[in-house]
Amino acid sequence: HGGRRVWVESEVAGDHVLVHVCDDGGGVDPLLRDSMFEAYVSRPNDGARPESVGLGLTVSRQLARLMGGDIGYAYTDHSRFTLRLPSAER
């Protein structure tokens, strides 16, 4: 689903740390964006991409939520997955 250029950004937002993983590809099919964090969500096979997003996003979201955070996806002019986790107490 990604492009040739991939970059990672981070920021502190209140009491959370955000890690953004971005790429310049065409992004996830808009029809899958609401359900892509569910296990084995499938899309029609066009021969160019896998049919299923598998378990990776499902497990990632579950782990993030167990740690008090979450993970999400957005597409503007590029794809962006954002992991939000609570800041460590000091």
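For the structure given in this document, a descriptive report is provided here.

Criteria and cut-off values
Residues numbered from 1 in each chain as written. Predicted model: local features only at pLDDT ≥ 70, side-chain atom pairs only at ≥ 80, totals over all residues. Heavy atoms only, no water. Phe/Tyr/Trp six-rings, centres within 6.5 Å; stacked < 30°, edge-to-face > 60°. Lys NZ or Arg CZ within 6 Å of the ring centre and 35° of its normal. Helix = DSSP H or I, 4+ residues; strand = E, 2+ residues; numbered from the N terminus. Buried < 20%, exposed > 50% of the residue type's maximum accessible area, 1.4 Å probe, protein only. Polar contact = N/O pair within 3.5 Å; in protein donor to acceptor, adjacent residues only side chain to side chain. Salt bridge = Lys/Arg side-chain N within 4 Å of Asp/Glu carboxyl O.

## Thoughts on the packing of aromatic side chains
To describe a pair of aromatic rings, one takes the distance between the centres and the angle between the planes.
Part 1: The final tally for this structure, using the stated rule, is 1 aromatic pair.
Part 2: Ring centres of Y73 and F81 lie 4.7 Å apart, and the angle between their planes is 55°; this geometry places the pair in the tilted category.
Part 3: Across from the ring centre of W7, 4.1 Å away, lies the NZ or CZ of R5, which sits over that ring.
Part 4: Above the face of the F37 ring, R61 is positioned so that its terminal group lies 4.0 Å from the ring centre.

## Observations concerning the side chain of D23
Part 1: Looking at the secondary structure, you find D23 in strand β2 (residues 16-23).
Part 2: A residue is classified by how much of its surface remains accessible, and D23, at 13% relative accessible area, is buried.
Part 3: Among the polar contacts made by the side chain of D23, one reaches the main-chain amide nitrogen of G25 at a distance of 2.8 Å.

## So, the pattern of salt bridges
Part 1: Enumeration over the complete set of coordinates arrives at 3 salt bridges.
Part 2: Residue D70 pairs with R61 through a salt bridge whose shortest N-O separation is 3.1 Å.
Part 3: D70 is paired through a salt bridge with R65; the nearest N and O atoms lie 3.2 Å apart.
Part 4: For R65, a relative accessible area of 47% translates into the label partly exposed.
Part 5: Salt bridges linked by common partners bring R61, R65 and D70 together as one network.

From the geometry alone we can't say anything about function, so treat these as descriptive.
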